[in-house]
Amino acid sequence: MHGIDSNGGLRIGVFGIGLDAYWPQFQGLEQRLLGYTEQVARRLERPGVQVVNLGLIDTPEKALTAGHEFRRADVDLIFLYVTTYALSSTVLPVVRRAKVAVIILNLSPASAIDYAAFNRLGDRTKMTGEWLAYCQACPVPEIANVFNRCRIPFFQVSGMLENDPAAWTEIAEWIDAARVAHIMEHNRLGVMGHYYGGMLDIYSDLTQQCAYFGGHIEILEVEELAALRREVRDPEIKTRVAEFHSSMDVQPECPPEELERAARTSLALDRLVETHKLGSVAYYHQGTGNPENEDVISSIILGTSLLTARGIPVAGEYEVKNAQAMKIMDSFGAGGSFTEYYAVDYNDDVVLMGHDGPGHLAIAEGKTKVRPLAVYHGKVGRGLSVEMSVKHGPVTLLSVLQTVDGRLQLLVAEGESVAGPILEIGNTNSRYRFSIGARRFMNEWNTHGPAHHCAVGVGHLSSKLKKLAGLLGMECIHVC
């Protein structure tokens, strides 16, 4: 992971709840429920995730101690496994001090009680103990009531401990969403240059970005990149040009001197990212009146594309909100390429989307082409650009938008990247089909007032993105 992570990765807390008054009454119940709690904790384990398991909490005193332990452990998310009826007074102290979201696991040990076997027990005490082992649903309303009144964010997964893929997929998605929230919390976003003048929709409140996502925003100077560029040596340039040829489909008409110019800038970019420990970048600059700065910016696209493919997404036009969206998508393993509407093909009912500047090489359909351009439309300079389509198949669009009252929201749409003709103009370009049709998709997407840029990634991710929004205290709008 790029950026700074001071605590070594995602930490999730887990604890079960019970009622100590039951244990002397019902032999074996405590051990049985503790076993269920251990089973849940084991299933939460995965690489890169530390599970902090506090076992079965059954008294207010234990709850208070557990609350201190979770706070000391600096957990990012808490899973509360409801094993049986338990008092809300044994729950609130555990989560109150941690100040993180809670996932309530209402998971039964089986799909149903075996009624016939249960009724054959004959011993009413044994019968009650067996009933209590299936009593997960009972205290959830009580817990939800207390959490709401205490303003503790919580979410629920209901189902079974075993043989329930739906429930455990939900749980896995919560962990994945928490992992991405953790990445954003520790990400360092570099912003270099200035806004594209007049694009009022992309102007962003940097403080609000930090308030919702966390992380750090580092203000960068183009002059620093230019200075690093002077230090690049010829042997390094030769190696980077070879990397361009191996990772991209460099077209024969690309001048060698342009490839060398792009390689020099790419190497300088790598050093800038390393110096500032950046996990994402937003940039735009013209360099008018300063030939060195203009030279840097007009040769930046191949280097920013390599960075994007390495998990350090780069957004052009100083589009901070979209740099965040791209980082989110990439952190989910979906890519995250910079895109916008181009045009509509009403014959095929598809929307043509793409952008100039960086492309995400790792999610391209085939090898990304490198083409020379005599002019960058609407921008100064000339040089090399990338041309690609996103892999055919399911895709998700994500926009981070800012509302009229300054809140941030996630805007999501799922569709398909489909085959067909594209514009061979040296830009990223794809054809997207949506279940609600091109016309309705555009109308509904635009209604929410996003900036005209968004991020596109492979796969359908709306379920995970909704969970991420929930953990971040944001609304998630799902268009289709």
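Look up a bit, the structure's there.
My aim in this report is to walk through the structure given alongside it, one point at a time. This structure is a prediction, so every number in the text was calculated from the model and none was measured.

## So, helix α5 (residues 124-132)
Here is step 1: What α5 keeps buried is the set Met127, Gly129 and Leu132.
Here is step 2: The backbone nitrogen of Thr125 lies 2.8 Å from a side-chain oxygen of the residue at the head of α5, namely Asp123.

## Quick notes on the nonpolar core
Note that soluble globular proteins tend to have their nonpolar side chains buried in a common cluster.
Here is step 1: Counting residues in hydrophobic clusters, the biggest one holds 39 residues, and the most contacted among them are Phe213, Ile328, Phe332, Leu398, Leu465, Leu468 and Met474.
Here is step 2: Elements with a minimum of two residues in this core: α7 (165-186), β6 (188-193), α8 (206-213), β9 (280-284), α14 (320-331), β15 (393-402), β16 (408-418) and α16 (462-472).
Here is step 3: In terms of residue count, the dominant contributor to this core is α14 (six residues).
Here is step 4: The residues touching Ile328, leaving out its near neighbours within four places in the chain, are Val180, Met184, Phe213, Leu398, Leu465 and Leu468.
Here is step 5: Counting 37 residues, the second-largest nonpolar core is a separate cluster that includes Phe244, Met248, Ala262 and Ile297.

## Examining the sheet that holds strand β3 (residues 77-82)
Here is step 1: Here we have five strands laid out as an open sheet, ordered β2-β1-β3-β4-β5, and parallel in their pairing. Of all the strands in the sheet, just β2 (49-57) and β5 (154-160) have a single pairing partner and so form its edges. Across the sheet, the mean angle from the axis of one strand to that of its neighbour is 20 degrees, orientation sign disregarded.
Here is step 2: Pairing geometry for strand β1 (residues 10-17) and β2, over seven bridges, is parallel. Opposite Gly16, over in β2, you have Leu56 as the bridge partner.

## Details of the state of the cysteines
Here is step 1: Evaluated as defined, the whole model comprises zero disulfides.
Here is step 2: Cysteine Cys138 remains unbridged, with the sulfur of Cys135 as its closest cysteine sulfur at 4.3 Å.
Here is step 3: Judged by relative accessible area, which is 45%, Cys138 ranks as partly exposed.

## So, the sheet that holds strand β14 (residues 383-387)
Here is step 1: The three strands are arranged β8-β13-β14 in an open sheet whose pairing can be described as mixed. Taken across any chain shown, the strands that pair with only one partner, and hence form the sheet edges, are β8 (249-250) and β14.
Here is step 2: Contacting β8 and β14, helix α11 (residues 256-276) crosses the sheet at an angle of about 80 degrees to β14.

## Focus on the packing of aromatic side chains
Any two aromatic rings considered together are summarised by their centre-to-centre distance and by the angle between their planes.
Here is step 1: Counted under the stated rule, the structure contains 11 aromatic pairs.
Here is step 2: Seen from their ring centres, Tyr22 and Phe26 are 6.1 Å apart, and the 65 degrees between their planes marks the pair as edge-to-face. By the burial criterion, Tyr22 is buried, and Phe26 matches it.
Here is step 3: Ring geometry for Tyr195 and Tyr203: centres 4.6 Å apart, planes at 40 degrees, overall tilted.
Here is step 4: Exposure remark for Tyr195: the relative accessible area of 22% places this residue in the partly exposed category.
Here is step 5: By relative accessible area, Tyr203 is classed as partly exposed at 36%.
Here is step 6: Arg43 extends its terminal NZ or CZ atom over the ring of Trp168, reaching a point 4.0 Å from the ring centre.
Here is step 7: For Lys467, the ring lying beneath its charged end belongs to Trp174, and the centroid distance is 5.5 Å.

## Looking at the environment of Trp168
Here is step 1: Take Trp168: it is sitting in helix α7.
Here is step 2: C-alpha of Trp168 to C-alpha of Leu410: the two residues are 242 residues apart in sequence and 25 Å apart in space.
Here is step 3: Beyond its immediate chain neighbours, meaning those up to four positions away, Trp168 contacts Val40, Arg43, Leu44, Leu107, Met160 and Leu161.
Here is step 4: At 3.4 Å, the side chain of Trp168 and the backbone oxygen of Met160 are in polar contact.

Basis of the calculations
- Residues numbered from 1 in each chain as written.
- Predicted model: local features only at pLDDT ≥ 70, side-chain atom pairs only at ≥ 80, totals over all residues.
- Heavy atoms only, no water.
- Buried < 20%, exposed > 50% of the residue type's maximum accessible area, 1.4 Å probe, protein only.
- Helix = DSSP H or I, 4+ residues; strand = E, 2+ residues; numbered from the N terminus.
- Polar contact = N/O pair within 3.5 Å; in protein donor to acceptor, adjacent residues only side chain to side chain.
- Core = buried A, V, L, I, M, F, W, Y, C linked by side-chain atoms within 4.5 Å.
- Contact = heavy atoms within 4.5 Å.
- Pairing = 2+ DSSP bridges.
- Axes fitted to C-alpha atoms, helices over the stretch in contact; angles between N-to-C directions.
- Disulfide = S-S within 2.5 Å.
- Phe/Tyr/Trp six-rings, centres within 6.5 Å; stacked < 30°, edge-to-face > 60°.
- Lys NZ or Arg CZ within 6 Å of the ring centre and 35° of its normal.

That's the geometry; what it means functionally is another story.
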